[in-house]
Amino acid sequence: MSRFFSLSLFLSLLLLFAGPLYAAANNQPDANYQLGAGDKLSITVFNQEDLSGEYTINGSGRFTMPFIDKIQAAGLTIPDLIELIIGKLKPDYLLNPRVSIEVLNFRPYYIIGEVSSPGAYPFVEGITYLNAVAIAGGFSYRARQKYVMVKRKDDDAEGKEVKLKLNSFVLPGDIIRVTERLF
Amino acid sequence: MTKLRTIITAAGVSFTVGTLFVVPQLAYSQGNDYTPLGIHKGSFYFFPVVELGIGYDDNVFRLPDSVDGRDVIIGSDGSTASVKTRQSDTAVIMRGSVAMNSDWNRHALNGLATMDLGKYSDLSSEDFGNYSLGLDGRLDVKRGNAFTSKIGTTTRNESRSSVDSREPEGNTLIVFGEEPTRYTFNYVGVGYKYNPARLGVSANLDYEAINYDDVTNIFGQNVDNSDRNRTRPNATARIGYELMPQRSLYIEGQVYNIDYDSQFDNNGIERSSTGYKTTAGMNFDLSNLLVGDVFVGYLEQNYDSDTQADISSSLFGMGLTWFPTRLTSIDFRLDRNVEESTEATASGYLSSTAGVVIKHELKRNIILTADADYTKNEFQQNVEGRKENENITGFGLEGRYLISRRWFTSLQYRRESRESDIAIQEYTDNRGLLTLGVNW
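Just so we're clear, the structure is a prediction, and the values are computed from it rather than from any experiment.

1. Describing the overall build of chain A
Thought 1: For chain A, the helix and strand inventory stands at three helices and 10 strands.
Thought 2: In chain A, the succession of α and β elements from N to C terminus is α-β-β-β-β-α-β-β-β-α-β-β-β.
Thought 3: In chain A, 51% of the contacts between residues at least 6 apart in sequence involve partners at least 24 apart.
Thought 4: Carbon together with sulfur atoms contributes 56% to the accessible area of chain A, which is approximately 10,900 Å² in total.

Listed below in C-alpha cells is the structure:
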C-alpha cells in the first residue's frame, strides 16, 4: 500500500509539473511570461476532451472555456492561469483536474518609426531588436541606430516607453519605435 | 562670360542671398513626402515654383562707410547731384520659375523660365525685373552617340557692386547710374557626344552675346554702354577615358574669341581678344560618399591691341561633393577664369573663386544651409606699378521649412564684404530675406 501511495504521489507530482517542463523543452516562454491579447493557447485537461482545445486570448484579454465561461487571462503567467482554471473547475465540475497549457502562437510585436516596413510581425523566440529592425526592412537613412524606444503593456495599464539597446530581446506585444536623428 | 553664368545661377540682384554655386540635392532626401511631384502633361513634367517675400538690405548701393555724407555735390562740369551714400531699404520680392523636363525614352528636351521681381519701399530706382528663358535638348543617334543643343536669353540688372558700373572720383565719391545698368545675355550652342565603350569624345560650338543698355548717371549725363557690347564664339573639345567604373580621366581644350561691337571703347581702348584654355582632370564617384571633378590647366588671353596686357595663368578647379553622413552634404568649389573689364588701366581681370556649401537635413522637412566663398580679382594692369586687386568674401545662412509637399517657407541671410586696393570700392553688406513659396 505504501509503495502504491509513493508511486501515485510521484506520478501526480510528475503530471503537476509536466506542463511547464514539457513546455520548456518545446521552446516555450519562461514561467514569468505574461499572457496577452493575441496569444493562442493549447489547454489540455487530463481525460477531459470536451474541455481541452485551442483558445485565443481576445482583445479584452479573455477567452471562453466550456463550463467556466469567460476567463480573464491577460497579465497572468502560465502557472497563474493553470491555477485559475483548476480553481474554476474544482470542485463543481472535476474533483482533481490536471491542466497543462502550451503557447502555440505568441502575440505579434509591432515596429514603427524609421524602418523601411513598419507594421506587426510574428514573434519568434530569441530575436533581438536589431533582428526585428532587419525583419522590418532595415533602418531608414534618418534612423537613430544606437537604441530603440519600447513600450510594453503591463496588465491593462498603458506601458511606459523605455530606451533599450539593440541587442536586448524582443518580447511579444512590444511596440518598438525607431526614432529619428537630427544629426 | 563665366562670371555672368555664376550670377545667373543665384537668385535676384540685390537680394542674391543663399548659395553662390548650384548645390546638388542631398542624395537621400530625394523622393520623400515633401518632394514636389510636378505636373505631368503629355510627355513632359513641369515644376512651377512661386515665392513671395520681404527682404532687407543694409547697403543697397554697396558703398563704403567713408563716402561723403553731403546731400549735394558739384560735379566737375558744374552740374549738381545728390550723393549716393550707404543706404538701407526693404523690398517686396516675387520669384517665379517653371522647369520643364521630357520623359522620353530616347532624346530629351528640357527648359527653364525664371522671373525675379523686386519693389523697394524707398529706393524706387532700385526696383528690378529680371527674366531668363533657356532650352536644352539631346537627340540620340544610337547608344552612346547624341547631338546636343541649347539656346537661351537672360535680361537683368547688373549688380551695384560691379566695378564696371561705377567710377571712383577722388577718394570720396562714386559715380554711377541713377538706376542699375541693364543687360541682355543670349546664347546658343550645338554639340556632339560620342561614347564608344570606355572612350568618350565630345565637341561643342557655342555663341554668346551680351548687350548693355545706356544709363543716366547721378549728374544727369548719359552713359553710353554700347562699347561694352560683345560676342564670344567658342569651340570646345573633350576626350575622356573611363579607367574603371565611376572613375574617368579627361583632357579638354577650348578656343574663343571676344569681339566687341565697337573697335574702341569710350576710353579709346581696343578690347577684343582671343584666348584658349586647356585642362586635364578626373571625374569620380567614390561609393556615393565623394563625387566630383578636379582639374588643372592653363589659360591665355591675347588682346588685339599692343597696349593691352595679355593674361596668362595656370588653371585649377574642383567641384566636389562629400556626404559625411546621410543627412549632410558638403560642396567644395574652386575655379579660375578671365573676366572682361571696363577699367581704363586694365585689360581684364583674373578671377579666382573658392567656396564651400554645407547642407543638412535636420528633419525631412527642415533643410539648413550654410555657405562661405572667397573671390580674388586681380586686374591685369596696363600701367606699370599700378595695382588694383580686390578680395570679396561672402557668408550665408538659410533655413528652409517644408510645410507640406506644396508649401514652403525660407529665411535667408547673407553677408558680403569687399576689400580693394582702391579704398572707395570697399563695402560691407548684410541682406535678409523671408519668403513663402508654393511649388507643384
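2. What to know about the pairing of strand E8 (residues 147–151) of chain A
Thought 1: Where E8(A) and strand E9 (residues 161–165) of chain A come together, five bridges link them in antiparallel fashion. Counted as the bridge partner of A:Val150 is A:Val162 from E9(A).

3. Let's talk about the sheet that holds strand E5 (residues 99–105) of chain A
Residue and element names in this part refer to chain A.
Thought 1: Across the sheet, three strands lie side by side as E2-E1-E5; this open sheet has antiparallel pairing. At either margin of the open sheet sits one strand with a lone partner, and together these are strand E2 (53–56) and E5. Ignoring strand direction, the axes of neighbouring strands in this sheet form an average angle of 30°.
Thought 2: Two strands pair when backbone bridges link them, and strand E1 (residues 40–45) and E5 are joined in this way by six bridges, in the antiparallel orientation. Paired with Leu41 across the two strands is Val103, which belongs to E5.
Thought 3: Across the sheet, helix H2 (residues 78–89) is in contact with E1 and E5; its angle to E5 comes to roughly 130°.

4. Considerations on the interface of chain B and chain A
Put simply, an interface is often sized by how much accessible area is lost when its parts join up.
Thought 1: Tallying the contact residues gives 11 residues for chain B and eight residues for chain A.
Thought 2: Roughly 920 Å² is buried in total at the junction of chain B and chain A, and carbon and sulfur atoms are behind 50% of that figure.
Thought 3: It is B:Leu327, B:Leu362 and B:Arg364 in chain B that bury the most area against chain A; as a group they hold 52% of the surface buried on that side.
Thought 4: Remark: the boundary between chain B and chain A carries three salt bridges.

5. Observations regarding the packing of aromatic side chains
Thought 1: Applying the stated rule across the entire model yields 14 aromatic pairs over all chains.
Thought 2: Seen from their ring centres, B:Phe44 and B:Phe46 are 6.4 Å apart, and the 40° between their planes marks the pair as tilted.
Thought 3: Taking the centre distance of 4.7 Å and the plane angle of 55° together, the rings of B:Phe147 and B:Tyr192 count as tilted. Highlighted residues: B:Phe147 in strand E8 (residues 145–157) and B:Tyr192 in strand E11 (residues 182–194), separated in sequence by 45 residues.
Thought 4: With relative accessibility at 43%, the residue B:Phe147 sits in the partly exposed group.
Thought 5: Feature note: the residues A:Tyr33, A:Phe106 and A:Phe123 constitute an aromatic cluster, connected by ring pairs.
Thought 6: For the cation-ring pair, B:Arg228 lies above B:Tyr212, with the distance from its terminal atom to the ring centre recorded as 3.8 Å.
Thought 7: Between the NZ or CZ atom of B:Arg232 and the centre of the ring of B:Tyr256, over which it lies, the distance is 4.2 Å.

6. Thoughts on the sheet that holds strand E6 (residues 109–113) of chain A
All names here are of chain A.
Thought 1: Taken together, five strands build an open sheet; the order of strands is E7-E6-E10-E8-E9 and the sheet is mixed. Each edge of the open sheet carries a strand with a single partner, namely strand E7 (119–121) and E9. Adjacent strand axes in the sheet meet at a mean angle of 30°, parallel and antiparallel pairs treated alike.
Thought 2: Relative to strand E10 (residues 175–178), E8 runs antiparallel, the two being bridged by three bridges. Its bridge partner lying in E10, Met149 is registered against Arg177.

7. Topic: the nonpolar core
All names here are of chain A.
Thought 1: One finds Ile43, Phe63, Met65 and Ile85 to be the most contacted residues of the largest nonpolar core, which totals 41 residues.
Thought 2: Every element with two or more residues in this core is listed here: E1, strand E3 (62–65), H2, E5, E6, helix H3 (129–135), E8 and E10.
Thought 3: If you tally residues by element for this core, the top one is H2, at six residues.
Thought 4: Those residues in contact with Ile85 that sit more than four places away from it in its chain are Ile43, Phe63, Met65, Ile68, Ile71, Val99 and Ile101.

8. Brief notes about the environment of B:Phe379
Residue and element names in this part refer to chain B.
Thought 1: The residue Phe379 is located in strand E22 (residues 366–381) in this model.
Thought 2: Along the sequence, Phe379 and Val223 sit 156 residues apart, while their C-alpha atoms lie 23 Å from each other.
Thought 3: Discounting chain neighbours no more than four positions away, the residues touching Phe379 are Val163, Ser341, Glu343, Ala346, Gly348, Tyr349, Glu388, Asn389 and Glu390.

9. A closer look at the confidence of the model for chain A
All names here are of chain A.
Thought 1: Confidence in the prediction for chain A averages 83 pLDDT; 81% of positions are at 70 or higher.
Thought 2: Least confident of the elements in chain A is helix H1 (residues 2–25), whose mean pLDDT is 49; most confident is H3, at 97.
Thought 3: Long-range and interchain partners of residues 15–26, a stretch whose pLDDT sits below 50, account for five contacts in this model, where long-range means more than four residues apart.

10. Considerations on the pattern of salt bridges
Residue and element names in this part refer to chain B.
Thought 1: Under the criterion given, the structure shown has 29 salt bridges over all chains.
Thought 2: With a shortest N-O distance of 4.0 Å, Arg95 and Asp116 are connected by a salt bridge. Separated by 21 residues along the polypeptide, Arg95 in strand E5 (residues 89–102) and Asp116 in strand E6 (residues 108–120) bring together distant segments of the chain. Each member of the pair, Arg95 as well as Asp116, is classed as buried.
Thought 3: We note a salt bridge from Arg414 to Glu416, for which the minimum N-O separation is 3.4 Å. Accessibility assignment for this pair places Arg414 and Glu416 in one class, buried.
Thought 4: Through salt bridges with shared partners, a single network forms among Asp57, Arg62, Asp371, Asp373, Arg414, Glu416, Asp429 and Arg431.

11. A few points about H2(A)
All names here are of chain A.
Thought 1: In a regular helix each residue adds 1.5 Å, so 12 residues correspond to 16 Å; H2 covers 16 Å between its end C-alpha atoms and thus fits that length.
Thought 2: Of all the positions in H2, only Ile78, Leu81, Ile82, Ile85, Ile86 and Leu89 are classed as buried. For H2, the angular spread of buried residues about the axis comes to 135°, placing them on one side.
Thought 3: On its buried face, H2 is in contact with E1, E3, strand E4 (69–72) and E5.

12. Brief notes about unusual backbone geometry
All names here are of chain B.
Thought 1: Positive phi outside glycine occurs at His107, with the angle close to 70°.
Thought 2: In this structure, His107 sits in the loop between E5 and E6.
Thought 3: Classification of His107 by relative accessible area gives partly exposed; the value is 24%.
Thought 4: With a phi close to 65°, Gln246 is a non-glycine residue in the positive phi region.

13. Here's the deal with the side chain of B:Ser305
All names here are of chain B.
Thought 1: Mapped onto the secondary structure, Ser305 falls in the loop between strand E18 (290–303) and strand E19 (311–325).
Thought 2: Judged by relative accessible area, Ser305 falls into the buried class, the value being 10%.
Thought 3: Within polar-contact distance, the side chain of Ser305 engages the side chain of Thr307 at 2.7 Å.

Reading guide: rules and limits
Residues numbered from 1 in each chain as written. Chains lettered and ligands numbered in written order. Predicted model: local features only at pLDDT ≥ 70, side-chain atom pairs only at ≥ 80, totals over all residues. Heavy atoms only, no water. Helix = DSSP H or I, 4+ residues; strand = E, 2+ residues; numbered from the N terminus. Contact = heavy atoms within 4.5 Å. Areas by Shrake-Rupley, 256 points an atom, 1.4 Å probe, with all protein chains shown as cover. Pairing = 2+ DSSP bridges. Axes fitted to C-alpha atoms, helices over the stretch in contact; angles between N-to-C directions. Buried area = accessible area lost by both parts, 1.4 Å probe. Salt bridge = Lys/Arg side-chain N within 4 Å of Asp/Glu carboxyl O. Phe/Tyr/Trp six-rings, centres within 6.5 Å; stacked < 30°, edge-to-face > 60°. Buried < 20%, exposed > 50% of the residue type's maximum accessible area, 1.4 Å probe, protein only. Lys NZ or Arg CZ within 6 Å of the ring centre and 35° of its normal. Core = buried A, V, L, I, M, F, W, Y, C linked by side-chain atoms within 4.5 Å. pLDDT = per-residue confidence, 0-100. Expected span 1.5 Å × (residues − 1). Arc of directions from axis to C-beta. Polar contact = N/O pair within 3.5 Å; in protein donor to acceptor, adjacent residues only side chain to side chain.

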